[in-house]
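Structure at a glance
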Amino acid sequence: MDEFAQALRTAITNRGLGLERLREHLSQNGVSVSMATLSYWQTGRSRPERQKSLQAVVHLEHILQLPPGHLSELLGPPRPRGRWLRHAPAPMSAFWSPQTPVERALNGLDTQWDDQLLRVSQQDFVTIGADRTERVFRSRQVLSASMTGPDRWVVIMHVDDHDRPLPLVSALKNCTVGQVVREPAEGLLVAELLFERPLRKGESIVIEHELVNQDPCPPATNYERKFRLPTREYVLEVTFEGAPPRSAVQLADGSAVAPGHTLLDVALDVRPGVRGFSWTW
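Read on for a plain summary of the structure. (Residues numbered from 1 in each chain as written. Predicted model: local features only at pLDDT ≥ 70, side-chain atom pairs only at ≥ 80, totals over all residues. Heavy atoms only, no water.)

Brief notes about the packing of aromatic side chains
Note the threshold: Aromatic rings from Phe, Tyr and Trp, with only the six-membered ring used for Trp, were paired whenever their centres fell within 6.5 Å, and each pair was classed as stacked if the ring planes differed by under 30 degrees, edge-to-face if by over 60, and tilted otherwise. Secondary structure follows DSSP: runs of H or I at least 4 residues long count as helices, runs of E at least 2 residues long count as strands, and numbering of each begins at the N terminus. Burial here depends on accessible area, computed with a 1.4 Å probe over protein chains only, as a share of the maximum for the residue type. Under 20% is buried, over 50% is exposed, and the range in between is partly exposed.
In the structure shown here, the tally under the stated rule is four aromatic pairs. Seen from their ring centres, Phe-137 and Tyr-223 are 5.6 Å apart, and the 25° between their planes marks the pair as stacked. Highlighted residues: Phe-137 in strand β2 (residues 134-145) and Tyr-223 in strand β8 (residues 222-227), separated in sequence by 86 residues. Each ring, one from Phe-227 and one from Tyr-234, has its centre 4.9 Å from the other, and the planes form 80°; the classification is edge-to-face. What makes Phe-227 buried here is its relative accessible area of 4%. With a relative accessible area of 0%, Tyr-234 lands in the buried category.

Section: the environment of Val-190
Examined against the element boundaries, Val-190 turns out to sit in strand β6 (residues 188-195). With relative accessibility at 0%, the residue Val-190 sits in the buried group. Val-190 sits 33 residues away from Met-157 along the chain, and the two C-alpha atoms are 6.3 Å apart.

Comments concerning the packing of helix α2 (residues 19-28) against helix α3 (residues 35-43)
Each pair of packed helices can be summarised by the angle the axes make with each other and by the distance between the axes. Keep this limit in mind: Fitted lines through C-alpha atoms serve as axes, helices being fitted only where they are in contact, and the angles separating the N-to-C directions of these axes extend from 0 to 180 degrees. Note that the term roughly parallel is reserved for angles under 35 degrees, roughly antiparallel for angles over 145, roughly perpendicular for angles of 65 to 115, and oblique for everything else. The handedness criterion is simple: a crossing whose near helix is rotated anticlockwise from the far helix by less than a right angle is left-handed, and one whose near helix is rotated clockwise is right-handed. The contact rule is simple, with two residues in contact once any of their heavy atoms fall within 4.5 Å. As a working rule, the residues Ala, Val, Leu, Ile, Met, Phe, Trp, Tyr, Cys and Pro are called nonpolar, Asp, Glu, Lys and Arg charged, and the rest polar, with Gly in that last group.
Remark: α2 packs on α3, axes separated minimally by 9 Å, with the N-to-C direction vectors making an angle of 115°. Considered as vectors, α2 and α3 are oriented roughly perpendicular to each other. Crossing of α2 against α3: the hand is right-handed. Across the interface between the two elements, Leu-19, Glu-20, Leu-22, Arg-23 and Leu-26 of α2 pack against Met-35, Leu-38, Ser-39 and Gln-42 of α3. In terms of residue class, the contact of α2 with α3 is made up of five nonpolar, two polar and two charged.

A closer look at the side chain of Glu-61
So the rule is basically this: Under the counting rule used here, the positive set is Lys and Arg, the negative set is Asp and Glu, and His together with the chain ends is not counted. Here a salt bridge means any side-chain nitrogen of Lys or Arg lying within 4 Å of a carboxyl oxygen belonging to Asp or Glu.
Following the sequence through the fold, Glu-61 ends up in helix α4 (residues 51-63). Of the side chains with opposite charge, Arg-232 lies nearest to the buried Glu-61, which makes no salt bridge, at 6.2 Å. Once residues lying within four places of it in the same chain are set aside, the contact partners of Glu-61 are Leu-66, Pro-67, Pro-68, Gly-69, His-70, Leu-71, Ser-72 and Arg-232.

Put into structure tokens, the structure is as follows:
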């Protein structure tokens, strides 16, 4: 039995999950892998090589509570096979329809590494002005590479009010701003944050960026973060510089929260979906 198969089999045993339960966990994260395939992987009869299989390994590490890159490192470089080596920006299309403005804006950007970056932590800090408008969005990501090569992070920002200027994007830590796509008519901004160098397999990075709205700033009634892939930790802090809202609702479950000068959401092991707050003045 090769090292990958042995490590996978040991992790499954230690976690106490049967193959059917493991398959269900993967399915809940939007990953389809048959029980036969999982069986072949843990016995060494076959190995993950195609792009979708390598993406499944990243999810397996998360589900089996393994360190980022623990299983991926044992696979070594993939053998060239199939058309996936000429990777188009397809990963995002699993979350947005190919006909949406988001997918069209992504067409000219390199998103091939998106699925190879494990989301260790996502932290959002939002400032709402005293005039009840959206002012500043600052984000901090902790990412870990499941294979050698990731060199960028793609930011997607959508605003509801399409007749106002789109925000300005700035890189704050361990990255620089690359290509930026603006679609004012759609209220859409997409930007590349380029790392200082490509990450090695198992290597992590902390990056920070900021989005600053220009006057006239859009009115603030909500903030939401879409998760396409699992994230181990999420922190959202919304700060109101003036009077707090009259009422607020958490988007994850629709529950009411006590409004104050700060709204805080902290979550672990976040699954694909939407988190954030909406509020009324």
